[in-house]
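Residue strings, one per chain:
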Amino acid sequence: MIAQPMPQRRLSKEELLAWVERLLRERSVIAPVRSGERTFLQEISAPSEVDLEVGRPVNSLKEFLFPATETLFRLRRGKRAVRMELPEVGRLQVLFLVRPCDAAALTSMDALFLGEPADFYWGERRKNTALVGLACLAVPTPECFCTTVGGSPIGTANMDVILYAQDGGYVAEALTERGEALLSLAGGAAMEQPFVPQAPELPPFPCPPIEDWQRVFDDDYWQRLGERCLGCKICTYNCPTCYCFDIRDRGTGGRVERLRAWDACTSKHYSIEASGHDPRPTRGARLRNRFCHKYFYFPWRYGGTLLCTGCGRCVAQCPVNIDLTEVLEEVAVRARKGEEARQG
Amino acid sequence: MNNPFWPYVGTLTEVRDLAVGIKLLRVRLEDEAGRRAFADYRPGQFAFLSAFGVGEVPFGLAGTPARSPELEFAVARVGTVTSALHGLEEGAPVGVRGPMGNSFPMEDFRGRNLVIIGGGIGFAPLRPVIHYVLDHRADYGHLTILAAARAPNLLVFREEYDEWAAAPDTEFHVTVDVGDETWTGNVGLVTELQAQVSPSPENAVAITCGPPIMIKFVTQLLQKQGFAPEQIYTTLEMKMKCGLGKCGRCNVGERYVCVDGPVFSQAQILQFIDAF
């Protein structure tokens, strides 16, 4: 937070891209890049690569702070001794044109990774990563539901700079000292009248509270939903807050490394034990675990923080149309029915 | 650098057979930080043991710091990492992360009679409780130990049975599901032995560990024998990767076995939303 808000700046498209050019000289820039009909967040080497018309990229910003696979340490092994070394972690980077839902994901990820004992790798990347956000002045996709999970299309959580697309250009506002430093590299002119953003309206529907998830825990709905699930895991990989991970060693002979890689609780191999026992042996049980983790287990442990930002990727990308917004409504309805039946 | 994924380096100082497919691995920690971390670990805590290049898995610590400055792990060969650990020789470097998890509330157990019921490799995390009680004998009441396994060659720590049987105010019983030509002791399920011994719930706490099916029936019988859910403790296992409450794997409902457990009372387990 900054004591005296810096005046907003107006940037033309050309000035915005010139700013990216300057940012690129001192740090890595991750930005939306169009590839055919889809847009992905990826590292760029020139401003011309940036997709300024980005709605919601296919992937989330997660992989730039928590890579799909990363080396925890390398190790040289002798017969009697080992030498371990840490890889370089945490280059300077800016995540550019990040939507508020993706930026909001860092709140839950910080709660997890920076909570005791703090995760060294997340911590190093996080402190060296700046976020330049892009507000949603219009609802970018039909699957968006950020307001249901406590977000806002014009939310600024975890951003250093926010951009508002306006009159063919941008209004830029620094939100942190780091943001001020970044924005000082941009041209443009100071705004005389501050731009006051209006949040677009999203269809209002509530997120079921923890008690509802407890009430429907043994409902046969989960098994029925599980019959549709293919276990493909796309909902977890592109989710900005799905963080479950695996740890494995790789290497032969004297040189090995310990890796951390994304995992998915919707995977058959996630919880099965060496004995063959599987505490969550059906797709229904695994789906229930994923949903309960997001809206029940995580907020139970982290003071109400949900593990969902309403980005809608899982809704858009599920190959069998398992729609999270439908699940939320169904849980609320079933919890209410169950409660009515219980009270007679 | 504070990095909970960075293991302490240790050296295997002893590898010996405990039972068929089960080895005792003894580890000397090589650096000061590791020795400090494990200076006063408690009965019921666990640690990750690495076979470098293959992986790491969690084990209940099978010893106590009072009896040995070296760490003891009872390792059953069931998967890739445990097979690799079985293949290591004395002198080999290993990695250790921990100690992790809660522990048996030994202070709360003071002045009470203890009933220890362990099956197979599940006896290993109960051994530190026995050692602790015997080393603080005056602090605890009567100690009843029931050891069990499917067969005689699957019983662990048999060389300590005589010490336990001879300890003051201690009774020791052992049974196997199926005997062999050398076996002259009890034959039958642990619950049959438990019915015979009929431990009194009066001022007592029961601690059990073993395969889930054993824990289930031992707990049922304990309750029939008058033990309240608050008087029954067990230590749970789930597949784990981090041991820090981060990797998301070992949850039973909203609880993580790694940081909220592994020790739970039956009263707590009855509150779990998900069946264990």
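What counts and what doesn't
Residues numbered from 1 in each chain as written. Chains lettered and ligands numbered in written order. Predicted model: local features only at pLDDT ≥ 70, side-chain atom pairs only at ≥ 80, totals over all residues. Helix = DSSP H or I, 4+ residues; strand = E, 2+ residues; numbered from the N terminus. Rg over C-alpha atoms; globule rule 2.2 N^0.38 Å. Buried ≥ 20, exposed ≤ 12 C-beta atoms within 10 Å, placed from the backbone. pLDDT = per-residue confidence, 0-100. Domains from an automatic or database assignment. Nonpolar A, V, L, I, M, F, W, Y, C, P; charged D, E, K, R; others polar. Contact = placed C-beta atoms within 7 Å. Pairing = 2+ DSSP bridges. Axes fitted to C-alpha atoms, helices over the stretch in contact; angles between N-to-C directions. Core = buried A, V, L, I, M, F, W, Y, C linked by C-beta atoms within 7 Å. Expected span 1.5 Å × (residues − 1). Arc of directions from axis to C-beta. Right-handed = clockwise from strand over helix to strand, strands pointing away.

> How would you explain the overall build of chain B if you had to name every residue and give the values?
Secondary structure summary: chain B contains eight helices and 15 strands in total. Taking 19 Å as the expected radius of gyration for a compact globule of 276 residues, we find that chain B reaches 18 Å, a close match to that expectation. For the C-alpha atoms alone, the extent of chain B along its principal axes is close to 50 × 45 × 35 Å. Burial status across chain B gives 51% buried among its 276 residues.

> I'd like a description of the overall build of chain A, backed by residues and values.
Within chain A, the secondary structure is distributed over 10 helices and 12 strands. Taking 2.2 N^0.38 as the reference for a compact globule, 344 residues should give roughly 20 Å; the C-alpha atoms of chain A span a radius of gyration of 22 Å, in line with that estimate. Projected onto its principal axes, the C-alpha positions of chain A cover 70 × 65 × 40 Å. Of all 344 residues assigned to chain A, the portion counted as buried reaches 40%.

> Could you give an account of the confidence of the model for chain B, naming the residues involved and the relevant values?
On average, residues of chain B score 96 in pLDDT, and 100% of them reach the 70 mark or higher. Prediction confidence for the complex, expressed as pTM and ipTM, is 0.95 and 0.93 respectively.

> Just give me the short version of the domain arrangement of chain B, but keep the residues and values in it.
Residues and elements named next belong to chain B. Partitioning chain B into structural domains gives domain 1 (8-100) and domain 2 (113-235). Centre-to-centre separation of domain 1 and domain 2, based on C-alpha positions: 24 Å. Those elements that place two or more of their residues in the side of domain 1 that touches domain 2 are β1 (8-19) and β5 (71-76). Broken down by class, the residue content of the side of domain 1 that touches domain 2 amounts to 10 nonpolar, four polar and one charged.

> Explain the domain arrangement of chain A to me, and be specific about the residues and the numbers.
All names here are of chain A. Looking at chain A, the domain boundaries give domain 1 (9-190) and domain 2 (210-343). If you average the C-alpha positions of domain 1 and of domain 2, the two centres end up 25 Å apart. Between domain 1 and domain 2, the contact holds 36 residues from the first and 29 residues from the second. Of all the secondary-structure elements, those providing two or more residues to the side of domain 1 that touches domain 2 are β4 (69-77) and α2 (100-114). Of the residues belonging to the side of domain 1 that touches domain 2, the class tally is 17 nonpolar, 11 polar and eight charged.

> Outline the interface of chain B and chain A, supporting the account with residue identities and numerical values.
With 27 residues of chain B in contact, the opposing surface of chain A contributes 35 residues. Grouping the amino acids of the side of chain B that touches chain A by side-chain chemistry returns 14 nonpolar, eight polar and five charged.

> Tell me about the pairing of strand β6 (residues 93-100) of chain B, and name the residues and values.
Residues and elements named next belong to chain B. β6 sits mainly inside the fold: eight of its eight residues count as buried. As paired strands, β1 and β6 are joined by four bridges and run antiparallel to one another. Following the sheet pairing, Tyr8 is matched in β6 by Val96. Relative to β6, strand β3 (residues 46-51) is paired through four bridges, and the arrangement is antiparallel.

> Residues and numbers for the environment of Gly122 of chain B, please.
Residue and element names in this part refer to chain B. Summarising the element assignment, Gly122 is placed in the loop between β7 (113-119) and α3 (127-135). Sequence-wise, Gly122 and Ala149 are 27 residues apart; in three dimensions their C-alpha atoms are separated by 9.4 Å. Apart from the residues within four sequence positions on either side, Gly122 is in contact with Cys209, Gly210 and Pro211.

> If you had to explain the sheet that holds strand β11 (residues 245-252) of chain A to someone new, which residues and values would you point to?
All names here are of chain A. If you walk across this open sheet you meet the four strands as β5-β4-β12-β11, and the pairing is antiparallel. Every other strand in the sheet has two partners, leaving β5 (82-85) and β11 as the edge strands with one partner each. Neighbour to neighbour, the strand axes of the sheet diverge by 25° on average, direction disregarded. Relative to strand β12 (residues 255-262), β11 runs antiparallel, the two sharing eight bridges. Across the sheet, residue Ile247 finds its bridge partner in β12, namely Arg260.

> Report on the nonpolar core, specifying residues and quantitative values.
Of all hydrophobic cores here, the largest spans 173 residues; its most connected members are Val161 of chain A together with Ile116 and Val156 of chain B. Apart from the residues within four sequence positions on either side, Val161 of chain A is in contact with Val132, Gly133, Ala172, Glu173, Ala174, Leu175, Gly179, Leu182 and Leu183 of chain A.

> Please give an account of unusual backbone geometry that cites residues and values.
Note that the residue after Glu116 of chain A, namely Pro117 of chain A, is joined by a cis bond; omega there is -10°. Its location among the elements puts Pro117 of chain A in the loop between α2 and α3 (120-127). For Asn321 of chain A, which is not glycine, the phi dihedral falls at a positive 55°. Here the phi dihedral of Asn203 of chain B falls at roughly 50°; this positive angle occurs in a residue that is not glycine. Relative to the elements of secondary structure, Asn203 of chain B occurs in the loop between α5 (190-197) and β11 (204-209).

> An account of the sheet that holds strand β15 (residues 263-265) of chain B is requested, with residue identities and associated values reported.
Residues and elements named next belong to chain B. Spatially, seven strands are ordered β10-β9-β8-β7-β11-β12-β15 in an open sheet, and the strand pairing comes out mixed. Where the open sheet ends on each side, the last strands, each with one partner, are β10 (186-187) and β15. As paired strands, β7 and strand β8 (residues 143-149) are joined by six bridges and run parallel to one another. Bridge pairing links Ile117 to Leu146 in β8. Most of the contacts of α3 go to β7, to which it runs at about 150°, and overall it touches β7, β8 and β11. Where α5 meets the sheet, its contacts fall on β7, β8, β9 (170-176) and β10, and the angle it forms with β8 comes to roughly 155°.

> Run through helix α10 (residues 324-343) of chain A, naming residues and quoting values.
Residue and element names in this part refer to chain A. Taking 1.5 Å as the rise per residue, α10 with 20 residues should run 28 Å; its terminal C-alpha atoms sit 28 Å apart, in good agreement. Those residues of α10 not exposed but buried are Leu324, Val327, Leu328, Val331 and Ala335. All buried residues of α10 project into a common sector of 100° when viewed along the axis, lining one side. Turned more than 90 degrees off the buried face of α10, the exposed positions are Glu326, Glu340 and Ala341. The inward-facing, buried residues of α10 abut α5 (210-215), α8 (283-301) and α9 (313-317). One or two steps after α10, the chain reaches Gly344, where phi turns positive at roughly 70°.

> Any chance you could break down the pairing of β8 of chain B for me, citing the residues and the numbers?
Residues and elements named next belong to chain B. Of all the seven residues making up β8, seven are buried; the element is thus mostly covered by neighbouring parts of the structure. The side-chain alternation of β8 yields two buried faces, one formed by Leu143, Ile145, Ala147 and Ala149 and the other by Thr144, Leu146 and Ala148. With α3 bridging β7 and its parallel neighbour β8, the resulting β-α-β unit is right-handed. Here β8 runs beside β9; their pairing, made up of seven bridges, is parallel. Bridge pairing links Ala148 to Thr175 in β9. After leaving β8, the chain enters helix α4 (residues 161-166) and then returns to the sheet as β9, a path that is right-handed.

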